[in-house]
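Structural description and commentary
As a plain string of letters, each chain reads:
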Amino acid sequence: MYTSLFDIFSIGIGPSSSHTMGPMRAAAAFVTDLKQRGLLSRVCKVQVSLYGSLALTGEGHGTPGAVVYGLLGLDAETMDLSTDYIGQVQSEGHLLLGGDHCINFCPEQDIELEYDITLPEHANGMCLRALSADKELLHEEYFFSIGGGAIRRRAEMGTTPPTPRSVPYDFSSCDQLMAICREEEKSIAQIIMANESALRFRELVRKRMHNICKIMDAAINRGIATPGMLPGPLKLTRRAPIIYKRLEQLFHSNETDALTIIDWINLWAFAVAEENAAGGRVVTAPTMGSAGIMPAVLRYFERYGAKSSPYSPDQGKEIFLLTASAICSLYRANASISGAEVGCQGEVGVACSMAAGGLAAAMGGTLAQIENAAEIAMEHNLGLTCDPICGLVQVPCIERNAIGAVKAVNATRLALRGDGSHYVSLDSVITTMDETGRNLQAGYKETALAGLAKNALTC
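Residues numbered from 1 in each chain as written. Predicted model: local features only at pLDDT ≥ 70, side-chain atom pairs only at ≥ 80, totals over all residues. Heavy atoms only, no water.

We now examine the side chain of Thr323. Mapped onto the fold, Thr323 is located in helix α14 (residues 313–334). Contacts of Thr323, omitting those with residues within four sequence positions, involve Ile188, Ala189, Gly357, Gly358, Ala361 and Ile370. (Helix = DSSP H or I, 4+ residues; strand = E, 2+ residues; numbered from the N terminus. Contact = heavy atoms within 4.5 Å.)

What follows is the structure, encoded as structure tokens:
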């Protein structure tokens, strides 16, 4: 089942696509429901219940604040990050529902964290209720944040959503995708561009991809330029500005180190991951917890890889994103990109696989080499747990972005040094990732109840 590139790469506010971006979208969708039903003016109170992983790591992931953003009708791409919307609601005791209907609202009282309840449909569940002045239940809806900022209503769970409109090339496996490429004599990037051009004008596709790259670059630059501590009880110091200063010193001192390229990749991944952890604007790729990997590898291509690529830098960036999008579509169709469902292998692992395949394509790799790069990257992320300390997207998440970015480059280099022959197919490694993730104990799937979250320190 095909997933659009712009559903995979979407713009949001950190620190988590499933715990911040998804709940924000769910709250906004609930308000839209109220408007469409003609109920908005009758609403006197809104109550929100967060279940499972959304409750257990909600505070660390900024879930209650994200719900407030959604109820206010804010848009992640355009909202003013310097405005303390949550502080205003807390101090004033009310909010403008959908931006125009005032109701009393206290986040601490009206957003309930149901730590001991996990809904059967998904670990990331939430319920919103609208009440009238006489406490009549006007509307109730259950939403599930399924990963990457995507949401589904209760009635939609367990069903296969239709492919968005009609695309010329639908596929549900890597084998199918490869067969289409060979039959049509097109690259993966050309297949995805044809699909996206069927959904919107080709020039708009290119414009929006350019905007994605622009926001990725901006996140790197902000992360490098912003010193200080990240929010939360860990009091974690931002490392990107420190790493950058050291690299600049090395450059000006003419010191030589054959592995300095790795330092730069680490820096770019750190910069975005720290911006995300601070609640900044980043691109899901495919999630916000793994948002540093794709930008870091993309900048590696621009600075180093493009010199040996058969494509211009701009062509290479397009090919990179289009190919990475196809790879992610396979994971979404046959496994999951939700840390609450399959652990961090579904976030950092998938991002690493996407980046490796995208880079291999941008470097002129064959179909077999692209598949091999994506497969290598995931094969060595199998079993990666999601155990964020204090429920924050900081430790070990930020370092995992850096390690994942370097691993993606290495997977690409291994694939490009071979002829594309490999024993493990991408389809089989996706199936294995899904099975491994489903078999992980709940404590290792974004609940902060086991692993490093339990043994490293407590909050």
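Attention now goes to the packing of aromatic side chains. Summed over the entire model, instances satisfying the criterion amount to six aromatic pairs. Between the aromatic rings of Tyr244 and Trp264, the centroid separation amounts to 6.3 Å while the plane-to-plane angle is 75°, which identifies the pairing as edge-to-face. Here Trp264 lies in helix α12 (residues 260–277) and Tyr244 lies in helix α11 (residues 240–253), a separation of 20 residues in the sequence. Judged by relative accessible area, Tyr244 falls into the partly exposed class, the value being 30%. Residue Trp264 is classed as buried on the basis of its relative accessible area, which comes to 11%. For the ring pair Tyr300 and Tyr304, a centre distance of 5.9 Å and an interplane angle of 35° mean the geometry is tilted. Following the ring pairs from residue to residue traces out a cluster consisting of Tyr244, Trp264 and Trp268. If you follow Arg154 out to its NZ or CZ, it ends over the ring of Tyr142, 4.0 Å from the centre. Stacked on the ring of Phe6, the Lys or Arg Arg208 has its end atom at 4.2 Å from the ring centre. (Phe/Tyr/Trp six-rings, centres within 6.5 Å; stacked < 30°, edge-to-face > 60°. Buried < 20%, exposed > 50% of the residue type's maximum accessible area, 1.4 Å probe, protein only. Lys NZ or Arg CZ within 6 Å of the ring centre and 35° of its normal.)

A few words now on unusual backbone geometry. Going from Gly14 to Pro15, the amide bond is cis rather than trans, its omega being 15°. Tracing the chain through its elements places Pro15 in the loop between β1 (11–13) and α2 (17–36). Even without being a glycine, Glu446 presents a positive backbone phi close to 60°. The buried category is assigned to Glu446, whose relative accessible area is 3%. Unlike most non-glycine residues, Ala448 shows phi in positive territory, near 60°. Looking at the secondary structure, you find Ala448 in the loop between α19 (426–439) and α20 (452–455).

We now examine the environment of Gln190. As for its placement among the helices and strands, Gln190 is situated in helix α9 (residues 188–199). Along the sequence, Gln190 and Leu322 sit 132 residues apart, while their C-alpha atoms lie 8.0 Å from each other. From its side chain, Gln190 meets the backbone nitrogen of Ser187 in a polar contact 2.8 Å long. (Polar contact = N/O pair within 3.5 Å; in protein donor to acceptor, adjacent residues only side chain to side chain.)

All right, on to the nonpolar core then. Generally speaking, a soluble globular protein has its nonpolar side chains buried in company with each other. Formed by 103 residues in total, the largest nonpolar core has its most connected members in Phe9, Met294 and Tyr331. A total of eleven residues in this core trace back to one element, the largest contributor, which is helix α16 (residues 348–362). Setting aside residues no more than four positions away along its own chain, Tyr331 makes contact with Ser336, Ile337, Val350, Ser353, Ala374, Met378, Leu426, Val429, Ile430 and Met433. Listed in part, the 37 residues of the second largest apolar core include Val31, Leu71, Tyr85 and Ile111. (Core = buried A, V, L, I, M, F, W, Y, C linked by side-chain atoms within 4.5 Å.)

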